[in-house]
Every structure is written in structure tokens, then in C-alpha cells.
Amino acid sequence: MNPAPVIAIDGPSGSGKGTLAVRVAERLSFHLLDSGALYRLTAYAALRDSVGDDDEAALAALVARLAIKFHGAGDAVRVLLDGEDVTRAIRDEACGMAASRIAGLSAVRGALLALQRNFRRAPGLVADGRDMGTVVFPDAVIKIFLTASAQERAQRRYKQLKDKGFDVNLRALLEEIEARDQRDTQRTVAPLTAADDAIVIDSTALSIEQVQDRVLELAAQRLQAVTD
Ligand code: DC
């Protein structure tokens, strides 16, 4: 039997891939993997358990004992770590930066690999991250690489965090996004890059609806071809 089809959506912070992934998964009734949340959860647990963010072996062992649960779907999803609701805590920028740091360690990426692949279930999976199409699901039927200018991404992130009640500063966000881009694209292990067979979409001047329509159109063509 063929494994469940995967739609991989990769791209830099704030490109809108999270929102896009949620919408596409909802429309297709597919499962959703927010892989960034797994890196954030690992970073959060490391801080909680006083594990150094450069201690590869201890971090990999930590991943193996994490009890992670996602409850609900879409924007209403709640993330539980060892029974504690950390939905909000893992979203702050400090946690994102710590996640970006530990994401450069190959032992951490290796430990998270099986966990991510376990999300692949019928009828299909939309996987959102940095290396979904290049490393985790190289056989994905559709690979999207979503980008936007750093300025536009900072603006979107600003609005998103403000709406959630966080106290944020646009200039600081832009600097953080640029620093994170730099680290995510320069790291030696699974750097942020478009797969050779990815479709690159620059969403700087596009609405989320326009991007969503484009991806759903591709999904209609390719998923049909897979089941034929
Ligand atoms: O998508 P996000 O902002 O929640 O991700 C947080 C960090 O985790 C990001 O800076 C890089 C890392 N990450 C990664 O290296 N690979 C992934 N597949 C997802 C996230």
C-alpha cells in the first residue's frame, strides 16, 4: 500500500507557511505537522530541565522522553508537554531563538526525525517546517517553498503577536528574523533551502487566500495523479 501523501511546506520564519499549512490541512481534511513546535518544545524542555543548549547527547535523550500532545485543530490547537499546557509559552521569540539554536545540532534533528514521520497517516499530511521536503519527507507529492521579504515577514509576525496580546517591537522583530534566517540557512545540518523539486512561491505581494488557492489547485492535480 502506498504511504499517505504528504504536502511539504517549507520556508523562513514569518513567511505565512503556518497559516497556509493549517488552511490546506483543513480544506483537504489532512493531518497537520507543525515541526517548528517540536523544536520549540525541545528548547522549552531544555530550559525547564536545565539542559545546556549545546549538550547534544543530553538534548537527544531529552527528546526521547518528551510526552507531547496536540489537542484540537487549526488555530484552536493546544500543545501539552508532560501534561502542562505550553501553547503560549513556546510561541514567544526567546523560545523561537532557542529552538533555532538547538536546531543546528544533528543529534537533536536525528532524534526528532522518527517523531515527525509518525505524523504521516491516512488520508494525508500537511507538514510545515524548514526541511520537510528536503529531509523528513523527500517523497512528498507537493513541495512548496514559501518566502517573503524580511520586512514583510516582520510586519506579519508583529501583527500576529500583537493580536495574541504579546508586547512587541517591530524593529526588534526584524532584527530577530534576520538573525534567525542567517542561522537557519547557514547551518551545516539540514539548512533551510528549497528542495530541487520544490515550487517556490514569493508571498510578499500575495494574500494568504491567493497562496492557498494556488496550493489547493496543485493538490487537486497531483493528488488525483497519485490515486489514479
Ligand atoms: O517555524 P518556527 O518558527 O516555529 O520554528 C522554530 C525554529 O525551529 C526555527 O528557527 C528553526 C527550527 N526548525 C527547524 O530547524 N526545522 C524545522 N523543520 C522546523 C523548525
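Now for a look at the structure at hand.

Definitions and cut-offs
Residues numbered from 1 in each chain as written. Predicted model: local features only at pLDDT ≥ 70, side-chain atom pairs only at ≥ 80, totals over all residues. Heavy atoms only, no water. Core = buried A, V, L, I, M, F, W, Y, C linked by side-chain atoms within 4.5 Å. Buried < 20%, exposed > 50% of the residue type's maximum accessible area, 1.4 Å probe, protein only. Helix = DSSP H or I, 4+ residues; strand = E, 2+ residues; numbered from the N terminus. Near = heavy atom within 4 Å. Polar contact = N/O pair within 3.5 Å; in protein donor to acceptor, adjacent residues only side chain to side chain. Areas by Shrake-Rupley, 256 points an atom, 1.4 Å probe, with all protein chains shown as cover. Phe/Tyr/Trp six-rings, centres within 6.5 Å; stacked < 30°, edge-to-face > 60°. Lys NZ or Arg CZ within 6 Å of the ring centre and 35° of its normal. Pairing = 2+ DSSP bridges. Contact = heavy atoms within 4.5 Å. Salt bridge = Lys/Arg side-chain N within 4 Å of Asp/Glu carboxyl O.

1. Things to note about the nonpolar core
Then comes step 1: Counting 35 residues, the largest nonpolar core has Leu33, Leu59, Ile90 and Phe137 as its most contacted members.
Then comes step 2: For this core, the elements supplying multiple residues, two or more each, are β1 (6–10), α2 (35–48), α3 (56–65), β4 (78–81), α4 (93–102), α5 (106–117), β6 (125–129) and α6 (132–136).
Then comes step 3: Formed by 19 residues, the second largest nonpolar core is a distinct cluster that contains Leu146, Val211, Leu216 and Ala219.

2. Side note on the site of the ligand
Then comes step 1: For the ligand, the set of nearby residues contains 17 residues, the closest of which are Ser35, Arg40, Arg109, Arg130 and Asp131.
Then comes step 2: Between the ligand and serine 35 there is a distance of 3.0 Å, counted from a nitrogen atom to a side-chain nitrogen or oxygen.
Then comes step 3: In the environment of the ligand, an oxygen atom lies 2.8 Å from a nitrogen or oxygen atom belonging to the side chain of arginine 109.
Then comes step 4: Contact with the protein chains removes 97% of the 440 Å² of surface that the ligand exposes when unbound.
Then comes step 5: Those elements that provide at least two residues to the shell around the ligand are α2, α4 and α8 (170–186).
Then comes step 6: Among the elements that line the shell around the ligand, the one with the most residues is α2, at four residues.

3. Some thoughts on the packing of aromatic side chains
Then comes step 1: One pass over the structure, following the stated rule, counts one aromatic pair.
Then comes step 2: Above the face of the phenylalanine 166 ring, arginine 88 is positioned so that its terminal group lies 4.1 Å from the ring centre.

4. Points about unusual backbone geometry
Then comes step 1: In this model, alanine 122 is joined to proline 123 through a cis peptide bond whose omega is 5°.
Then comes step 2: Located in the positive-phi region is serine 29, a residue other than glycine, with phi close to 55°.
Then comes step 3: Inspection of the secondary structure assignment puts serine 29 in the loop between α1 (17–28) and β2 (31–34).
Then comes step 4: Phi at alanine 190 takes a positive value of approximately 40°, unusual for a residue other than glycine.
Then comes step 5: Looking at the secondary structure, you find alanine 190 in the loop between α8 and β8 (199–202).
Then comes step 6: Overall, the relative accessible area of 16% leaves alanine 190 in the buried class.

5. Let's talk about the sheet that holds β4
Then comes step 1: Spatially, three strands are ordered β3-β4-β5 in an open sheet, and the strand pairing comes out antiparallel. Two strands close off the open sheet at either side, each with one partner strand: β3 (68–71) and β5 (84–85).

6. Some points on the environment of lysine 69
Then comes step 1: Mapped onto the elements, lysine 69 comes out in strand β3.
Then comes step 2: Taking C-alpha positions, lysine 69 is 9.8 Å from glutamate 84, a pair spaced 15 residues apart along the chain.
Then comes step 3: Setting aside its immediate chain neighbours within four residues, lysine 69 contacts Arg78, Val79 and Leu80.

7. Quick word on the environment of leucine 216
Then comes step 1: Within the secondary structure, leucine 216 is located in helix α9 (residues 208–227).
Then comes step 2: Once the C-alpha coordinates of leucine 216 and arginine 117 are considered, the two residues, 99 residues apart in sequence, prove to be 23 Å apart.
Then comes step 3: Ignoring sequence-local partners within four residues, the contact set of leucine 216 consists of Val24, Arg27 and Leu28.

8. Section: the pattern of salt bridges
Then comes step 1: Taken as a whole and judged by the stated rule, the model has 18 salt bridges.
Then comes step 2: Across the pair lysine 17 and aspartate 128 runs a salt bridge whose closest N-O atoms are separated by 3.3 Å. Pair noted here: lysine 17 is in helix α1 and aspartate 128 is in strand β6, with a separation of 111 residues, a long-range link. Here lysine 17 matches aspartate 128 in class, with each residue buried.
Then comes step 3: Its salt-bridge partner being aspartate 34, residue arginine 91 comes within 3.1 Å of it at the nearest N-O pair. One end of the pair, arginine 91, is in the loop between β5 and α4; the other, aspartate 34, is in strand β2, with 57 residues separating them in the sequence.
Then comes step 4: The class for arginine 91 is partly exposed, based on a relative accessible area of 23%.
Then comes step 5: Here the residues in one salt-bridge network are Arg48, Asp49, Arg65 and Asp82, joined through shared partners.

Bear in mind that shape data such as this cannot, by itself, settle questions of function.
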